[in-house]
Amino acid sequence: MEEAGVGAAKLSRRESISPVKGESPLLGPRGEQRSCGGVRRRRDPSPLGWGPRRGRAYPSGTPSRCPGPASATMSHQTPLGSSVPHPSCLDLWREKNDQLVRQAKVAQDSRLSLRRQQLAQDALEGFRGLLHSLRGLPAAVPVLPLELTITCNFITLRASLAQGFTEDQAQDIQQGLERVLETQEQLGPRLECGLRGLWDSVLHYSSLLLELLPALHHLAGLQAALWLSTDCLGDLTFLLQTLNGNQNEASRNLLRLLKTWSPPAEETNAPLTLQDARGLRNVLLTASAFRQGLQELITGSLPRALSSLREAASGLCPRPVLVQVYTALGTCLRKMGNPQRALLYLVAALKGGSTWGPPLLEASRLYQQLGNTAAELESLELLVEALNVTHSSEAPQLLIEVELLLPRLHPASPLHCGTQSQAKYLLASRCLQVGRAEDAAEHYLDLLALVLDGLESKFFPPPSPAGPCIPEVFLEAAAALIQAGRAQDALTVCEELLSRTSSLLPKMPQLWEDARKGTKESPHCPSWVSATYLLQGQAWVQLGAQKEAISEFSRCLELLFRATSKDKERGNQDASFHLLQTLRRMDRRDEATALWWRLEAQTKLPQENAAWSLPLYLETYLGWIRFPDRETLLEEFQTSLPEPCDL
């Protein structure tokens, strides 16, 4: 058969594949064929067509044997006497992609973590090598569907192994978009528009190239996942509006846009993918509904939160996410005054997986609201145990999953259950509040053991991110021990606290001045020390040592008066009346008289202006005291004064 030689490069325009009339991206301006491997000879000038052919087995081969994507569009002929056609380079690249996808799926099914990691990493490097080869050659429209599919597989596997999106994935997406625009030879000015501008240009251009749409929608799904995970909701809304061809104000609802988006179906002979565009859309819809529902729950938009969370529960929800969704639904229904339905969701959450912390914490809140103290404390005890158990988490799928698109839990989130020590503190404080002093004392001692061992530096119990610090935990522990009748243990705890604050004693005058002037944000040290003396005095009272008790009470009063600003002192009225009564019994008339005048002034103020909450250790202390009638006490004290004093 006659060899075509150089003449084989002069393909007719009928045989070339080009989106632009009159010019092929695979031919030079004068009709020369572009090729990385030089001019190739062929035995038969008739083309067999471009691209993979159905029903043909893929022969073994490697992409490195091919000169490049541009020459993949050249015709390959079957030599005489041969029944097996020579594969095109495009076939080999596709075969390599499919092989890597199958390898990644084998890795996913492997129960051996090391083998799984190695197979997945090898597949990732294989995709990287394919992209490196393809991107080193001129962009060609016939090759772009495969190239973009490989890009999507690479991004999916990379984000899955990293358990999140990074700037690298954004660059991979940008390079894919730039390759599409390279075929227009108008890339330069569009780069200044950023990713939004690139997407706008590519999607308008690709509307003329139907063969690119499935791969571009796949890439758009990954872009949407990246923007959702990084809270770029404005960019995400713009992208979905562009995909749907609707950019009016009424179409800015993210969930509605995701439901409207309908990625084109892939052909049966399309290259294999780790996760197609429709699967990505379902993941995006579930993640968006859950994120929106949580935000609405935090801001108090309960009916909207209920609708969004139900949308998330009905979607593609892995078990760990479903546990969180059910817990959030329980929280929402509890706040809406429907505790029975809330309880059903919490039970379903506990049955749905091994992540029991959030539903148990929410169950304790629900039982507290219902007044079922026993069930509340039992839930907290189970919470402490659950947070102490290390569960073997399931290996993540080598896909973009809902978990990758969810934000980190904020301490104010209803799904934040904290650490075991935080749960232990919550249990101890609730036991103290409801009068279970013995249980409270044991739980507090467990906490203090962690502190003394250096395992905990501070406590932030849920749901308040500004929970008590270590000195307050010591004081609450001392109060619990006194209430449980363990005065000697309470003294030991107080001594430990004083030893830890002894380094501040030389600085105490400055702390007093800061406290009086309010120049520091947290002038708590004088208050902690004075409260320590107060609880020590009460412990000595319980032990029958009156002399030691009076000494501790006197130290408490001295420090309290030095650290309290006269013009700003308000206080809790129970504490103020107890202080007045104590000063009177100890015959400290000057301090008692000054306090009496301030109390007289406070009685003329509205109650809400004079009241403020006390820390738990002082609330516990005041619960031990029986007050006389306040008006009677003030009248008796007034009659004992010889004349009004102007202090």
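Nothing here was measured: the structure is a model prediction, and the numbers come from that model.

Rules of the game
Residues numbered from 1 in each chain as written. Predicted model: local features only at pLDDT ≥ 70, side-chain atom pairs only at ≥ 80, totals over all residues. Heavy atoms only, no water. Axes fitted to C-alpha atoms, helices over the stretch in contact; angles between N-to-C directions. Helix = DSSP H or I, 4+ residues; strand = E, 2+ residues; numbered from the N terminus. Parallel < 35°, antiparallel > 145°, perpendicular 65-115°, else oblique. Left-handed = near helix turned anticlockwise from the far one by under 90°. Contact = heavy atoms within 4.5 Å. Nonpolar A, V, L, I, M, F, W, Y, C, P; charged D, E, K, R; others polar. Polar contact = N/O pair within 3.5 Å; in protein donor to acceptor, adjacent residues only side chain to side chain. Salt bridge = Lys/Arg side-chain N within 4 Å of Asp/Glu carboxyl O. Buried < 20%, exposed > 50% of the residue type's maximum accessible area, 1.4 Å probe, protein only. Core = buried A, V, L, I, M, F, W, Y, C linked by side-chain atoms within 4.5 Å. Domains from an automatic or database assignment. Phe/Tyr/Trp six-rings, centres within 6.5 Å; stacked < 30°, edge-to-face > 60°. pLDDT = per-residue confidence, 0-100. Expected span 1.5 Å × (residues − 1).

## Overview of the packing of helix H13 (residues 339-352) against helix H14 (residues 357-370)
Part 1: Relative to each other, H13 and H14 sit at 155 degrees, their axes nearing to 10 Å. Relative to H14, the element H13 is oriented roughly antiparallel. The interaxial crossing formed by H13 with H14 has left-handed handedness. The segment H13 lies against H14, with Pro339, Leu343, Leu346, Ala349 and Leu350 engaging Pro359, Leu360, Glu362, Ala363, Leu366, Tyr367 and Leu370.
Part 2: Counted by class, the contact of H13 with H14 contains eleven nonpolar, no polar and one charged residues.

## A look at the packing of helix H12 (residues 319-335) against H14
Part 1: As a packed pair, H12 and H14 sit with axes 9 Å apart at the nearest point and diverge in direction by 15 degrees. Relative to H14, the element H12 is oriented roughly parallel. For the element pair H12 and H14, the recorded crossing hand is left-handed. Of the residues in H14, those in contact with Val323, Thr327, Gly330, Thr331 and Arg334 of H12 are Pro358, Pro359, Glu362, Arg365, Leu366 and Gln369.
Part 2: In terms of residue class, the contact of H12 with H14 is built from four nonpolar, four polar and three charged.

## Some thoughts on the environment of Ser429
Part 1: Following the sequence through the fold, Ser429 ends up in helix H16 (residues 420-433).
Part 2: In the structure, Ser429 is positioned 14 residues away from His443 in sequence and 8.8 Å away in space, judged by C-alpha atoms.
Part 3: If we ignore the near neighbours within four places in the chain, the residues touching Ser429 are Tyr444, Glu476 and Leu616.
Part 4: At a separation of 3.0 Å, a polar atom in the side chain of Ser429 contacts the main-chain carbonyl oxygen of Leu426.

## Focus on the pattern of salt bridges
Part 1: Taken as a whole, this structure holds 16 salt bridges when the rule is applied.
Part 2: Residues Glu125 and Arg128 are paired through a salt bridge, measuring 3.2 Å at the closest nitrogen-oxygen approach. With Glu125 and Arg128 both in helix H2 (residues 113-135), this residue pair falls three residues apart, about one helical turn.
Part 3: The class for Arg128 is partly exposed, based on a relative accessible area of 34%.
Part 4: One salt bridge connects Asp235 with Arg196, and the closest N-O pair in it is separated by 3.1 Å. Remark: Arg196 occurs in helix H6 (residues 194-206) and Asp235 occurs in helix H8 (residues 233-244); sequence separation between them is 39 residues.

## Focus: the nonpolar core
Part 1: In terms of nonpolar packing, the biggest core is built from 67 residues, with Leu177, Trp199, Phe290, Ile400 and Leu405 touching the most fellow members.
Part 2: Looking at this core, the element that brings in the most residues is helix H7 (residues 213-229), giving ten residues.
Part 3: When residues of this core are assigned to domains, at least three fall in each of domain 1 (89-184 + 193-259) and domain 2 (276-390).
Part 4: Among all residues touching Trp199, those that are not within four sequence positions of it are Ile173, Leu177, Leu216, Leu219, Ala220, Gln223, Trp227 and Leu239.

## Re the packing of aromatic side chains
Part 1: Inspection of the entire model under this criterion finds three aromatic pairs.
Part 2: On the basis of an interplanar angle of 65 degrees and a centroid distance of 5.5 Å, the ring pair of Tyr621 and Trp624 is categorised as edge-to-face.

## Some thoughts on unusual backbone geometry
Part 1: Notably, Gln163 is not glycine yet its phi reads approximately 55 degrees, a positive angle.
Part 2: Positive phi outside glycine occurs at Asp231, with the angle close to 60 degrees.
Part 3: Here Asp231 lies in the loop between H7 and H8.

## Some thoughts on the confidence of the model for the chain
Part 1: Looking at the chain, pLDDT values average 78 and 72% of them are 70 or higher.
Part 2: Looking across the chain, the model is least confident in helix H25 (residues 607-610), with a mean pLDDT of 47, and most confident in helix H11 (residues 302-313), with 96.
Part 3: Throughout residues 1-64 the model reports pLDDT below 50, and contacts reaching past four residues in sequence, or to other chains, amount to 102 contacts.
Part 4: Contacts of residues 68-86 to residues separated by more than four positions or lying in other chains number 41 contacts, the stretch itself having pLDDT below 50.

## What about helix H3 (residues 144-162)?
Part 1: The end-to-end C-alpha distance of H3, which contains 19 residues, comes to 26 Å, matching closely the 27 Å that a straight helix rising 1.5 Å per residue would cover.
Part 2: In terms of residue burial, H3 counts as a mostly covered element, since 16 of its 19 residues are buried.
Part 3: Just downstream of H3 lies Gln163, where phi reads positive at about 55 degrees.

## Looking at H11
Part 1: Look at H11: 16 Å from first C-alpha to last across twelve residues, which is about the 16 Å you get at 1.5 Å a residue.
Part 2: Looking at H11, one finds that the buried residues are Leu302, Ala305, Leu306, Ser308, Leu309 and Ala312.
Part 3: Packing partners of the buried residues in H11 comprise helix H9 (254-260), helix H10 (277-299) and H12.

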